[in-house]
Amino acid sequence: DLIALPSGTSMAHMYVRSGESWGARSFFEDIERRGLVGSLLEQEEIDMLSGRSVEGGIVVQSRRGRAHIFEDADGRITYRVKGNDPFAYFNIPQIIDADISLSLSSETTYPDGIQNLLQIFRSRRAGDIVVTTEKDVVFVSENDTHSTLVTHGSLSREHALVPICSSVSCNLDVMRSVDVFAWVMNLLGIEILHSLDGRFMPDVSLKRKEEAV
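Residues numbered from 1 in each chain as written. Predicted model: local features only at pLDDT ≥ 70, side-chain atom pairs only at ≥ 80, totals over all residues. Heavy atoms only, no water.

### Observations regarding helix α4 (residues 113–120)
Part 1 of the reasoning: Summarising burial for α4: six of the eight residues are buried, a large majority.
Part 2 of the reasoning: Listing the buried residues of α4 in full gives Gly113, Ile114, Gln115, Leu117, Leu118 and Ile120. (Buried < 20%, exposed > 50% of the residue type's maximum accessible area, 1.4 Å probe, protein only. Helix = DSSP H or I, 4+ residues; strand = E, 2+ residues; numbered from the N terminus.)

### So, the packing of aromatic side chains
Part 1 of the reasoning: Going through the model one piece at a time under the given rule, you end up with three aromatic pairs.
Part 2 of the reasoning: Ring centres of Tyr79 and Tyr89 lie 6.4 Å apart, and the angle between their planes is 55°; on these two criteria the pair is classed as tilted. Within this pair, whereas Tyr79 is found in strand β6 (residues 77–82), its partner Tyr89 is found in the loop between β6 and β7 (95–96), the two being separated by 10 residues in sequence. Both residues of the pair, Tyr79 and Tyr89, belong to the buried class.
Part 3 of the reasoning: For the pair Phe87 and Tyr89, a centre-to-centre distance of 4.9 Å together with 15° between the ring planes defines the contact as stacked. (Phe/Tyr/Trp six-rings, centres within 6.5 Å; stacked < 30°, edge-to-face > 60°.)

### A look at the side chain of Ser53
Part 1 of the reasoning: Checked against the element boundaries, Ser53 lands in the loop between β3 (46–52) and β4 (58–62).
Part 2 of the reasoning: Using a relative accessible area of 3% as the deciding quantity, one classes Ser53 as buried.
Part 3 of the reasoning: Side-chain polar atoms of Ser53 contact the side chain of Glu29, separated by 2.6 Å.
Part 4 of the reasoning: The residues touching Ser53, leaving out its near neighbours within four places in the chain, are Phe27, Glu29, Ile58, Val59 and His68. (Polar contact = N/O pair within 3.5 Å; in protein donor to acceptor, adjacent residues only side chain to side chain. Contact = heavy atoms within 4.5 Å.)

### Some remarks on helix α3 (residues 98–105)
Part 1 of the reasoning: For α3, the full list of buried residues reads Ser101, Leu102 and Ser105. Taken end-on, α3 shows its buried residues confined to a sector of 95°, consistent with a single buried face.
Part 2 of the reasoning: In this structure, the buried residues of α3 make contact with β7 and α4.
Part 3 of the reasoning: At the N-terminal end of α3, a side-chain oxygen is found 3.2 Å from the backbone nitrogen of Asp99, two or three residues along, and the residue is Asp97. (Arc of directions from axis to C-beta.)

### Some details on the pattern of salt bridges
Pairing is possible between side chains of opposite charge, provided their charged atoms come close.
Part 1 of the reasoning: Counted by the stated rule, this structure contains 12 salt bridges.
Part 2 of the reasoning: Asp47 serves as the salt-bridge partner of Arg64, at 3.2 Å between the closest nitrogen and oxygen. With Arg64 in the loop between β4 and β5 (66–71) and Asp47 in strand β3, this pair connects stretches of sequence that are 17 residues apart.
Part 3 of the reasoning: For Asp47, a relative accessible area of 5% gives the class buried.
Part 4 of the reasoning: For Asp112, the salt bridge goes to Arg176, with nearest N and O atoms at 2.5 Å. Taken together, the residues span a long stretch of sequence, with Asp112 in the loop between α3 and α4 and Arg176 in the loop between α5 (157–160) and α6 (179–187) at a distance of 64 residues. For the pair Asp112 and Arg176, one class covers both residues: buried. (Salt bridge = Lys/Arg side-chain N within 4 Å of Asp/Glu carboxyl O.)

### Description of the sheet that holds strand β2 (residues 11–16)
Part 1 of the reasoning: In spatial order, the strands read β1-β2-β8-β3-β4-β5-β6-β7; together these eight strands make up an open sheet with antiparallel pairing. Either end of the sheet is taken by a strand with one partner, and the two such strands are β1 (2–6) and β7. (Pairing = 2+ DSSP bridges.)

### Focus: unusual backbone geometry
Part 1 of the reasoning: One non-glycine residue, Ala88, lies in the positive phi region at around 65°.
Part 2 of the reasoning: Mapped onto the elements, Ala88 comes out in the loop between β6 and β7.
Part 3 of the reasoning: Look at Ala88 and you get partly exposed, because its relative accessible area is 35%.
Part 4 of the reasoning: The backbone of Asp112 shows a phi angle near 60°, a positive value even though the residue is not glycine.
Part 5 of the reasoning: For Asp112, a relative accessible area of 6% translates into the label buried.

### Concerning the pairing of β1
Regular strands have side chains that alternate between both faces of the sheet.
Part 1 of the reasoning: Bridging between β1 and β2 involves five bridges; their strand directions are antiparallel. By the bridge assignment, Leu5 is partnered in β2 with His13.
Part 2 of the reasoning: Hairpin connection, β1 to β2: the antiparallel pair is bridged by four residues, and Gly8 has positive phi, about 80°.

### Regarding the pairing of β5
Part 1 of the reasoning: When β4 meets β5, the two strands line up antiparallel, connected through four bridges. By the bridge assignment, Val60 is partnered in β5 with Ala67.
Part 2 of the reasoning: Between the antiparallel neighbours β4 and β5 lie three residues.
Part 3 of the reasoning: Direction of pairing for β5 relative to β6: antiparallel, over a ladder of six bridges. When the bridges of β6 are listed, Phe70 appears paired with Thr78.

What follows is the structure in structure tokens.
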């Protein structure tokens, strides 16, 4: 009835059979009624669950609370908290966009958590339920012989932050890893001819100087 496939050591995609079919999508609310959501959240090692909602958008649930995330075609995000915030955010308005989501959450325990989930569920391969563990917990099988696995792949700050060293300032306090390629292309003055997930940074193109030899 269920297949769980790890993604990193601290995230897993769970695919739930719907009736007699594996091809049909199982929605978060349907899975919740079957008791799986509650059973998983009873395990202290589990941090957060998310899945596609029957109402559209994404449901995210933790022991802290629950929220519903919608994104329209223009990139406007509706973040509707039901009760307490599952990420423990305190300053996120109900209507935001990707840039606001990043800037307001960058210093929290789950930087850019809203946008990360939206991007995960844009893929048809995403599970019916995406499970992330607490930051020091790994998914391992009973036959796994590795005793010193490094945790990675969750939504926690320790797993999300990537240090970048550069001799050129990007003029931003925070950026996403997907922005790096677009930023470097802009620095080099190379025109990109196809769409990218990354944002183009403010104009900081390198000015090449010809030096006499």
